[in-house]
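Understanding the architecture of this molecule
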Amino acid sequence: MDLLKFNQTRIFASHTLLWIGVWFFFVYFFSYNSTNSLYVTWFSSILLPLTMLTTYTTAYYLVPKYLLQQRYLLFSLYAIYVLIFTAFLATVTMIGSFIFLSNLRVAETPPMSRNLIFIMILIYLVVGLVSFVHILKHNFNMLTQNKALENKILDTQLHIKQQELHYLKKQIHPHFLFNTLNTIYGFALRQSRQTPDIILKLSNLLDYILYQVQEKEVSLEDELKHIEEYLSLEEIRFQDTLEVSVTKKYNNPAITIPPMLFLPFVENAFKHGAILDGKLQILIDLKADDHELCFKIKNTFLNALPSETPQGIGLPNIQKRLDLLFGKNYTLEVDTQDSWYSVELNLKLNA
């Protein structure tokens, strides 16, 4: 309430100062070639309410209701009406002042007060100035509102994007845990001595998933370290029927990427890979510099019809996540050839 009163007081004070300035403006011009200060003072004072009426009608009614609404024909029509009405009242003011202020003595009246065109020019100088300021204020307020609305839309889009990314991450976790827990279950049934080691490796991976994966980005080294732990878990499960080759080449250990970016591809390779000639072969190759990253993974699989090409439930989610994270700054290529299923991901870093 106090702020409202302050704004009202500020507006009232600014308008009061405006019209005081306009009154002095009129006095200055009508005093030209005249020494009749009493006539000039009264004539300026009588002309001031007419100027206020014309100004407020134009700036606060015609401009917002017609001009700013792009109703130009109606604005022009009503503006002409206001002009005619103002000219009529200005003429009445001239005649009345001539009769009552100078007692019909023409020589005592200021020359400028007898010129209707000059009076109309003065009035519409004020009207034009106030209308211009009002339009500028309106445009500034519209820009401010549009900017605020744009920021709100961007914040909403960002929130939706973060929620969708979080949802996609949650879809990845159960798939990974399902595969790993199956491995532990199998070794526990056999009462294998490797079971504690598997549980320890799983614990490290769970720590990565539950805590570090909540970060926006992780180091490339950390991501590769946990992929290697995952591979070691699968090597325990597959024993001699698994052959994995990992090649990595990057010159900057400070490179960062979104967490769990490559692990779903590795999971997919094990889930849909096939043992051919006694082995499941998986080849992983990673190259990265400060600007680009290339991740390739290949695995052996049984030849199938094109419609039966292994995709995995995770691949569509991976593509959605890549779209959200990188937009058009990535390419993902999937290919099957000669019993090999390959995926190649190319990223533009810091794009």
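Residues numbered from 1 in each chain as written. Predicted model: local features only at pLDDT ≥ 70, side-chain atom pairs only at ≥ 80, totals over all residues. Heavy atoms only, no water.

Some points on helix H3 (residues 72–100)
Since one α-helical turn is 3.6 residues long, residues separated by three or four positions face the same way. The cut-off we apply is this: Per the convention used, a helix needs a DSSP run of H or I reaching at least four residues, while a strand needs a run of E reaching at least two, with both numbered from the N terminus. Expected helix span is given by 1.5 Å per residue-to-residue step, counting one fewer step than there are residues. Relative accessibility decides the category of a residue: with a 1.4 Å probe and only protein chains considered, values under 20% of the type maximum give buried, values over 50% give exposed, and everything between is partly exposed.
For H3, spanning 29 residues, the distance from its first C-alpha to its last is 41 Å, which sits close to the expected 42 Å at 1.5 Å a residue. Those residues of H3 not exposed but buried are Phe75, Val82, Thr86, Ala90, Thr93, Met94 and Ser97.

Points about the packing of helix H2 (residues 37–67) against H3
For any two helices packed against each other, one specifies the crossing angle of their axes together with the interaxial distance. Rules: Axes here refer to lines fitted to C-alpha atoms; in helices the fit is confined to the stretch in contact. Angles between the N-to-C directions go from 0 to 180 degrees. For this classification, under 35 degrees means roughly parallel, over 145 means roughly antiparallel, 65 to 115 means roughly perpendicular, and everything else is oblique.
At a minimum axis separation of 11 Å, H2 and H3 run at an interaxial angle of 170°. Considering the angle they form, H2 stands roughly antiparallel to H3.

Let's talk about the layout of surface pockets
For the record, the criterion: Using only the protein atoms, space was sampled on a 1 Å grid; points where a 1.4 Å probe fits but cannot get out form cavities, open sets with protein on both sides within 12 Å along at least five of seven lines form pockets, and lining residues are those with an atom within 4 Å of a point. Grid points are joined across faces, edges and corners, and a volume is the space filled by probe spheres set on the points. Lys, Arg, Asp and Glu make up the charged group, whereas Ala, Val, Leu, Ile, Met, Phe, Trp, Tyr, Cys and Pro make up the nonpolar group; the residues left over, Gly among them, are polar.
Space inside the second largest pocket adds up to approximately 400 Å³. In terms of lining, the second largest pocket is formed by 16 residues, of which the most central are Ser14, His15, Tyr60, Val133 and Lys137. Elements with a minimum of two residues in the lining of the second largest pocket: helix H1 (2–30), H2 and helix H4 (116–189). A class-by-class count of the residues in the lining of the second largest pocket yields eight nonpolar, six polar and two charged.

Quick word on the confidence of the model for the protein chain
As a reminder of what qualifies: Scored from 0 to 100, pLDDT records how confident the predictor is in each individual residue. We call two residues contacting when some pair of their heavy atoms lies within 4.5 Å.
With 89% of its residues at a pLDDT of at least 70, the protein chain reaches an overall mean of 84. Put simply, helix H5 (residues 195–210) is where the protein chain has its lowest mean pLDDT, 76, and H2 is where it has its highest, 94. Predicted confidence for residues 305–310 stays below pLDDT 50, and this span has five contacts to residues more than four positions away or in other chains.

Concerning the packing of aromatic side chains
To be explicit about the condition: Between the rings of Phe, Tyr and Trp (Trp by its six-membered ring), a pair exists once the centres lie within 6.5 Å; its type follows the angle of the planes, with under 30 degrees stacked, over 60 edge-to-face, and the other angles tilted. Should the NZ of a Lys or the CZ of an Arg lie within 6 Å of a ring centre and within 35 degrees of the ring normal, that charge is described as sitting over the ring.
Across all of its chains, the model carries 19 aromatic pairs by this definition. On the numbers, 6.0 Å between centres and 10° between planes, the contact of Tyr39 with Phe43 is stacked. Taken together, the positions of Tyr39 and Phe43, both in helix H2 and four residues apart, correspond to about one turn of that helix. There is no split in this pair, since Tyr39 and Phe43 are both buried. An aromatic cluster is defined as three or more aromatic residues linked by ring pairs; in this entry it consists of Phe25, Phe26, Tyr28, Phe29, Phe30, Tyr39, Phe43 and Phe118. Over the aromatic face of Trp340 sits the side chain of Lys298, whose NZ or CZ is 5.0 Å from the ring centroid.

Quick notes on the pattern of salt bridges
Put simply, the rule reads: When a carboxyl oxygen of Asp or Glu lies within 4 Å of a side-chain nitrogen of Lys or Arg, that pair is called a salt bridge.
One pass over the structure, following the stated rule, counts one salt bridge. Put simply, Lys248 and Glu228 hold a salt bridge, and the shortest N to O gap is 2.7 Å. A residue pair is termed long-range when its members are at least 10 positions apart, and Lys248 in strand E2 (residues 242–250) and Glu228 in helix H6 (residues 220–238) qualify at 20 residues. Accessibility expressed as a relative area gives 36% for Glu228, which makes it partly exposed.

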